[in-house]
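Below, each chain spelled out in residue letters.
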Amino acid sequence: MHRFHYRNDTLYAEDVPVGEAARRFGTPLYLYSHGTIVDHYLKIKEAFREVEPLICFSMKANSSSAVLASLVKRGAGLDIVSGGELYRSRRVKCPASRIVYASVGKREDEIDEAIRAGILLFNVESEPELRMINRRAHARRKKVMVTLRLNPDVEAHTHHYITTGKSENKFGLDFNTARAIIRFSNRYKNVDIAGVHIHIGSQITEAQPFVAAIRKTLRFIDTLGVVIRYFNIGGGMGIVYDKERPQGANEFAAKVLPLFEDRDFKLILEPGRFIVGNSGILVTRVVYIKKSASGKHFAIVDAGMNDLIRPSLYSAYHEILPVDCPRQAGGARSRRTVKYDVVGPICESGDFLGKDRVLPELKEGDLLAVMGAGAYGYAMSSNYNSRPRLPEVMVIKNRVHLVRPRETYADLVRGEKVPKGI
Ligand code: LLP
């Protein structure tokens, strides 16, 4: 459950009217509910309490320092995928012993940085990568722990762009390759193969694909005859954007935990979206209302695909709500609704936040909230069309904190040079 709700027809984030934050910080604006973030993290932690897992928040979903800091402070680790994410984790003082590092393309310099930092585990995705980690660890006279990311080849029933556990995906090692690596593990003297990792995809709303992947992986492990200390089950737990009915943390744990009974693994989880997805909204203002010759109504808003790319990229659905429900002269709620395409200012037809949305009749200046924008929202935003990136604010009970300022035009050209004689 998130903490965005209406009071007297006005949308609130915890105890703050969203409109107030929008007036203070301008639009478009990312707004997070701190209470929701913490709540969702604790839900997973509680559900898995009996095995005391390491919960590594997948920071690619939202790498804002304020978000990271509040999770790290509560005991979360971080799942990173780049040198930049390692830098951010260190900046929020995440103990290295709680950092795991996945990515099919870890560069030599990134591996060096992670070894130097002393992270807990590298999630290894290929043999050449394992050789590289071994070489770099050797150069530093260290032995580093890794988990092998296995590709269990299961169907995750989600958008094909965010399916990762099928054999045709670029991720992980197939079982045969993994078996060969373990068989010849003495070739990697500076590496301790401490466990396995799987991550089968994202926005998965049922437990069944996870269960299938874990079962398959356990069966595989049992054929290896080696001691496995860490089992990382990845992230991917789905949330409600529209009419989904995803499993909650308790249901998920109830399906997953029995699979690990009698096993002496340290369990690692890497949730991203589950923790932050419904904790954030994108607040945008209607710039113009336009009617096309075909009779279509467009609400042209000040946020675009550069600010939230999910609708354009994955045809993802995000609920769009009016921040203030309009009232008629007598004070009654206006009943007149119109079907709008809510579109941004970017010069692309694919620039939309929502299509065919029935909303109270809008006028210029009205505020809209694009819900479920806390995961892969700001994190995937860009400067396309030379649009400064948005500010992020975090609501904690009845206070709003600016946690990242809006970029300026000067930020857009920082470091750019025009060579002489061009
Ligand atoms: N672990 C690994 C190894 C991952 O690759 C991912 C996400 C996660 C954990 C976290 O997954 P989550 O719990 O958030 O589902 N941009 C897409 C999602 C891409 C997910 C990439 N990997 C979207 O906006 O739907």
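Definitions and cut-offs
- Residues numbered from 1 in each chain as written.
- Predicted model: local features only at pLDDT ≥ 70, side-chain atom pairs only at ≥ 80, totals over all residues.
- Heavy atoms only, no water.
- Helix = DSSP H or I, 4+ residues; strand = E, 2+ residues; numbered from the N terminus.
- Rg over C-alpha atoms; globule rule 2.2 N^0.38 Å.
- Buried < 20%, exposed > 50% of the residue type's maximum accessible area, 1.4 Å probe, protein only.
- Contact = heavy atoms within 4.5 Å.
- Areas by Shrake-Rupley, 256 points an atom, 1.4 Å probe, with all protein chains shown as cover.
- Lys, Arg positive; Asp, Glu negative; His and termini not counted.
- Charge placed at Lys NZ, Arg CZ, Asp CG, Glu CD.
- Pairing = 2+ DSSP bridges.
- Axes fitted to C-alpha atoms, helices over the stretch in contact; angles between N-to-C directions.
- Domains from an automatic or database assignment.
- Buried area = accessible area lost by both parts, 1.4 Å probe.
- Polar contact = N/O pair within 3.5 Å; in protein donor to acceptor, adjacent residues only side chain to side chain.
- Nonpolar A, V, L, I, M, F, W, Y, C, P; charged D, E, K, R; others polar.
- Salt bridge = Lys/Arg side-chain N within 4 Å of Asp/Glu carboxyl O.
- Core = buried A, V, L, I, M, F, W, Y, C linked by side-chain atoms within 4.5 Å.
- Expected span 1.5 Å × (residues − 1).
- Phe/Tyr/Trp six-rings, centres within 6.5 Å; stacked < 30°, edge-to-face > 60°.

## Notes on the overall build of the protein chain
Move 1: When helices and strands are tallied, the protein chain shows 12 helices and 20 strands.
Move 2: In summary, the protein chain has a C-alpha radius of gyration of 23 Å against a globular reference of 22 Å for 422 residues, a match within 12%.
Move 3: Dimensions of the protein chain along its principal axes, counting C-alpha atoms only, are 80 × 65 × 45 Å.
Move 4: Out of the 422 residues belonging to the protein chain, those deemed buried represent 55%.
Move 5: Long-range contacts, defined as pairs at least 24 residues apart, comprise 69% of the intrachain contacts of the protein chain with a sequence gap of at least 6.
Move 6: Of the accessible surface of the protein chain, which amounts to about 19,600 Å², a share of 49% is contributed by carbon and sulfur atoms.
Move 7: Of the side-chain charges in the protein chain, 64 are positive and 47 negative, and the distance between the mean point of each set is 3 Å.

## Section: helix H5 (residues 108–117)
Move 1: Residues Glu 110, Ile 111, Asp 112, Ala 114, Ile 115 and Ala 117 constitute the buried set of H5.
Move 2: Just downstream of H5, Gly 118 is the residue with a positive phi angle, here 80°.

## Re the sheet that holds strand E9 (residues 144–149)
Move 1: Around the barrel, 8 strands lie side by side as E5-E6-E7-E8-E9-E10-E11-E12; this closed barrel has parallel pairing. Across the sheet, the mean angle separating the axes of adjacent strands is 30° when strand polarity is ignored.
Move 2: Of the strand pairs in this sheet, strand E7 (residues 99–101) and strand E8 (residues 121–124) are connected by 2 bridges, and their pairing is parallel. Bridge pairing in E8 places Val 100 opposite Leu 121.

## Points about the domain arrangement of the protein chain
Move 1: Domain parsing of the protein chain yields domain 1 (4–31 + 277–413) and domain 2 (34–276).
Move 2: Spacing between the C-alpha centres of domain 1 and domain 2 amounts to 33 Å.
Move 3: Between domain 1 and domain 2, the contact holds 23 residues from the first and 23 residues from the second.
Move 4: In total, about 2,000 Å² of surface goes out of reach between domain 1 and domain 2, with carbon and sulfur atoms giving 52% of it.
Move 5: Where domain 1 meets domain 2, there are 11 residue pairs in polar contact (both at pLDDT 80 or more).
Move 6: Elements with a minimum of two residues in the side of domain 1 that touches domain 2: helix H11 (310–314), strand E19 (392–396) and strand E20 (399–404).
Move 7: The leading source of residues in the side of domain 1 that touches domain 2 is E19, at 4 residues.
Move 8: Looking at side-chain class alone, the side of domain 1 that touches domain 2 contains 10 nonpolar, 8 polar and 5 charged residues.

## Thoughts on the environment of Ala 22
Move 1: Relative to the helices and strands, Ala 22 is located in helix H1 (residues 18–25).
Move 2: Distance from Ala 22 to Leu 367, taken between C-alpha atoms, is 8.3 Å for residues 345 residues apart in sequence.
Move 3: Every residue in contact with Ala 22, bar those within four places of it in the chain, is listed here: Thr 27, Leu 29, Val 283 and Leu 367.

## A look at the pattern of salt bridges
Two side chains that carry opposite charge are able to pair once their charged atoms sit near each other.
Move 1: According to the stated counting rule, one finds 21 salt bridges in the structure shown.
Move 2: A salt bridge links Arg 107 to Glu 110; the nearest nitrogen and oxygen atoms lie 3.9 Å apart.
Move 3: Among the residues examined, Glu 110 registers a relative accessible area of 9% and is labelled buried.
Move 4: Across the pair Arg 136 and Glu 108 runs a salt bridge whose closest N-O atoms are separated by 3.4 Å. Of this pair, Arg 136 sits in helix H6 (residues 127–139) while Glu 108 sits in helix H5, placing them 28 residues apart in sequence.
Move 5: For Glu 108, a relative accessible area of 39% translates into the label partly exposed.
Move 6: One network of salt bridges, in which partners are shared, links Arg 107, Asp 109 and Glu 110.

## Notes on the nonpolar core
Move 1: Core analysis: the biggest nonpolar cluster contains 101 residues, and Phe 48, Phe 122, Phe 231 and Phe 260 have the highest contact counts within it.
Move 2: Looking at which element gives the most residues to this core, the answer is helix H8 (residues 208–222), with 7 residues.
Move 3: Filtering out sequence-adjacent residues up to four positions away, Phe 48 remains in contact with Pro 53, Phe 252, Ala 253, Val 256, Leu 257, Leu 267 and Leu 269.
Move 4: In this structure, Leu 11, Ala 21, Phe 25 and Val 393 belong to the second largest nonpolar core, which totals 20 residues.

## With respect to H6
Move 1: Here H6 is 13 residues long and its end C-alpha atoms lie 18 Å apart, about the 18 Å a rise of 1.5 Å per residue gives.
Move 2: Turning to H6, its buried residues are Glu 129, Leu 130, Met 132, Ile 133, Asn 134 and Ala 137.
Move 3: N-capping of H6 is provided by Ser 126, with a side-chain oxygen placed 3.3 Å from the backbone N of Glu 129.
Move 4: Immediately downstream of H6, the backbone of Arg 141 shows phi near 55°, a positive value.

## Some points on the sheet that holds strand E2 (residues 10–13)
Strand-to-strand pairing in sheets goes through backbone hydrogen bonds, with the strands running parallel or antiparallel.
Move 1: Here we have 3 strands laid out as an open sheet, ordered E1-E2-E3, and antiparallel in their pairing. Each edge of the sheet is formed by a strand with only one pairing partner; in this case those strands are strand E1 (4–7) and strand E3 (16–17).
Move 2: As paired elements, E1 and E2 share 4 bridges and run antiparallel to each other. The partner of Tyr 6 across the bridge, within E2, is Leu 11.

## Examining the pairing of strand E10 (residues 191–197)
Moving residue by residue along a regular strand, the side chains alternate between the two faces of the sheet.
Move 1: Counted residue by residue, E10 has 6 buried out of 7 residues, so it is predominantly covered.
Move 2: Judged from the 6 bridges that link them, E9 and E10 form a sheet pairing that is parallel. By the bridge assignment for E10, Leu 148 is matched with Val 196.
Move 3: For E10 and strand E11 (residues 230–232), the ladder comprises 3 bridges, and the chain directions are parallel.

## Side note on the packing of aromatic side chains
Move 1: A complete count under the given rule lists 9 aromatic pairs for this structure.
Move 2: Aromatic side chains Tyr 101 and Phe 122 sit 5.8 Å apart centroid to centroid with 35° between the ring planes, which places their arrangement in the tilted category. You can see Tyr 101 sitting in strand E7 and its partner Phe 122 sitting in strand E8, a full 21 residues away along the chain. No difference in accessibility class separates Tyr 101 from Phe 122, as the two residues are buried.
Move 3: On the basis of an interplanar angle of 75° and a centroid distance of 5.0 Å, the ring pair of Phe 231 and Phe 260 is categorised as edge-to-face. With Phe 231 in strand E11 and Phe 260 in the loop between helix H9 (249–256) and strand E12 (266–269), this residue pair connects regions lying 29 residues apart in the sequence.
Move 4: What makes Phe 231 buried here is its relative accessible area of 0%.

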